[in-house]
Amino acid sequence: MVGVFCVAALAQYFGGFFPGESKDFMGRLVWPFIDFVTLKSSSANWAAFFVTPAVVLFFIKAFSTRGRWPYPLLFLLTSVTLYLTQSYGGYAAVIAGITLYLFRAQPYKKFVISLLIISAVIGAGYLHQHTTWKYQVLTGESDYRYANSAASRGDIYRMDLSMILTNPLLGVGMNQYQNYFAAHQQEVLEHELNESHVPPHAHNFFLSFWTSLGFFGFLAMIILILGLFWRTKFDPGSPAVFVIVAIMVHGLIDSWYWKQDTAYIFWLMIMFAYLYRLPVRGKK
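Here's what I pulled together on the structure shown here.

So, how was this worked out
Residues numbered from 1 in each chain as written. Predicted model: local features only at pLDDT ≥ 70, side-chain atom pairs only at ≥ 80, totals over all residues. Heavy atoms only, no water. Helix = DSSP H or I, 4+ residues; strand = E, 2+ residues; numbered from the N terminus. Rg over C-alpha atoms; globule rule 2.2 N^0.38 Å. Buried < 20%, exposed > 50% of the residue type's maximum accessible area, 1.4 Å probe, protein only. Phe/Tyr/Trp six-rings, centres within 6.5 Å; stacked < 30°, edge-to-face > 60°. Lys NZ or Arg CZ within 6 Å of the ring centre and 35° of its normal. Expected span 1.5 Å × (residues − 1). Contact = heavy atoms within 4.5 Å. Axes fitted to C-alpha atoms, helices over the stretch in contact; angles between N-to-C directions. Parallel < 35°, antiparallel > 145°, perpendicular 65-115°, else oblique. Left-handed = near helix turned anticlockwise from the far one by under 90°. Nonpolar A, V, L, I, M, F, W, Y, C, P; charged D, E, K, R; others polar.

What about the overall build of the protein chain?
So, step 1. Counting secondary structure elements, the protein chain contains 11 helices and zero strands.
So, step 2. Each helix and strand of the protein chain, ordered N terminal to C terminal, gives the series α-α-α-α-α-α-α-α-α-α-α.
So, step 3. On C-alpha atoms alone, the protein chain measures out to a radius of gyration of 20 Å, which is about the 19 Å that the 2.2 N^0.38 rule sets for 284 residues.
So, step 4. For the C-alpha atoms alone, the extent of the protein chain along its principal axes is close to 60 × 45 × 35 Å.
So, step 5. A buried classification covers 48% of the 284 residues belonging to the protein chain.

Take a look at the structure:
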């Protein structure tokens, strides 16, 4: 199904076959995560959230089944879709998940070769991204009327800290982050956030739970994730655990959980990490 999603998203990106915008103002792939009333673009991060787990899973399936059809094609489709979202968090997530998997699944010498290949891919991606508007806005090479994502996240994390210090045990309440932010930004930041809208979540997977559900919500998620890692011990035969690693890496700068589509994916990966095993290469 993610493969079908990617075919449709790429068809819209390059051909504009469906209603609604296919790109945001920076040329990032956003469809089909668009406003259903205005048909205007939403954040490209939602498409990145949706596709990232599949990139990791399809790579593992292609690797563990020795390139058996159709996994290499699905890996290529999802990788291209993710790349066009220009989600740097998504890139880092996929690299982390795949690198850890290869470390656990390969002998040391083969892993070193894999690491060199991954480094070459990162270098090629950087050379291309250096020419994009998003990269130039992020690094300050080009001006934009709003703060770049690095600057705005600084303000967001300051607000997160204020919420935690003010409401450490219970948080500000489920779905109240945006209201609290709007009401207290002048007090905490001494200015209004230079963004097109007040953010709906903490832009960090774990802090999103702490700010909304308090310390006990944060602790519950920590126990769940660490318990999963302890149980699976990053076994290459449990591919979903490497997706969880990718989600946690991406979750350092954004939050998967504050949209239903991606929240479902998170819990599916938790379930699969406990239940699903693949044959490990070289073992019967």
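Having put the structure on the table, let's press on.
A few points about the packing of aromatic side chains
So, step 1. If you walk through the whole model with that rule in mind, you get 26 aromatic pairs.
So, step 2. Between Phe63 and Tyr101, the ring centres sit 5.7 Å apart and the planes meet at 90°, which makes this aromatic pair edge-to-face. One end of the pair, Phe63, is in helix 2 (residues 44–64); the other, Tyr101, is in helix 4 (residues 88–105), with 38 residues separating them in the sequence. The exposure classification of Phe63 matches that of Tyr101, with both residues buried.
So, step 3. Taken together, Phe205, Phe206, Phe209, Trp210, Phe215, Phe216, Phe218, Phe266 and Trp267 form an aromatic cluster joined through their ring pairs.
So, step 4. Above the face of the Tyr88 ring, Lys134 is positioned so that its terminal group lies 4.3 Å from the ring centre.
So, step 5. The side chain of Lys233 reaches across the aromatic face of Trp230, ending 4.9 Å from its centre.

So, helix 5 (residues 108–129)
So, step 1. The terminal C-alpha atoms of helix 5, which comprises 22 residues, lie 31 Å apart, in line with the 32 Å expected from a rise of 1.5 Å per residue.
So, step 2. As for helix 5, its buried residues are in contact with helix 3 (71–85), helix 4 and helix 6 (133–138).

Points about the packing of helix 1 (residues 2–15) against helix 2
To characterise two packed helices, one gives the angle between the axes of the helices and the distance between these axes.
So, step 1. At their nearest, the axes of helix 1 and helix 2 sit 10 Å apart, and the two run at 125° to each other. Between helix 1 and helix 2, the angle falls in the class oblique. By crossing handedness, the relation of helix 1 to helix 2 is classed as left-handed. Packed against helix 1, whose contacting residues are Val2, Phe5 and Cys6, the element helix 2 presents Phe50, Val51 and Ala54 at the interface.
So, step 2. A per-class count over the contact of helix 1 with helix 2 returns six nonpolar, no polar and no charged.

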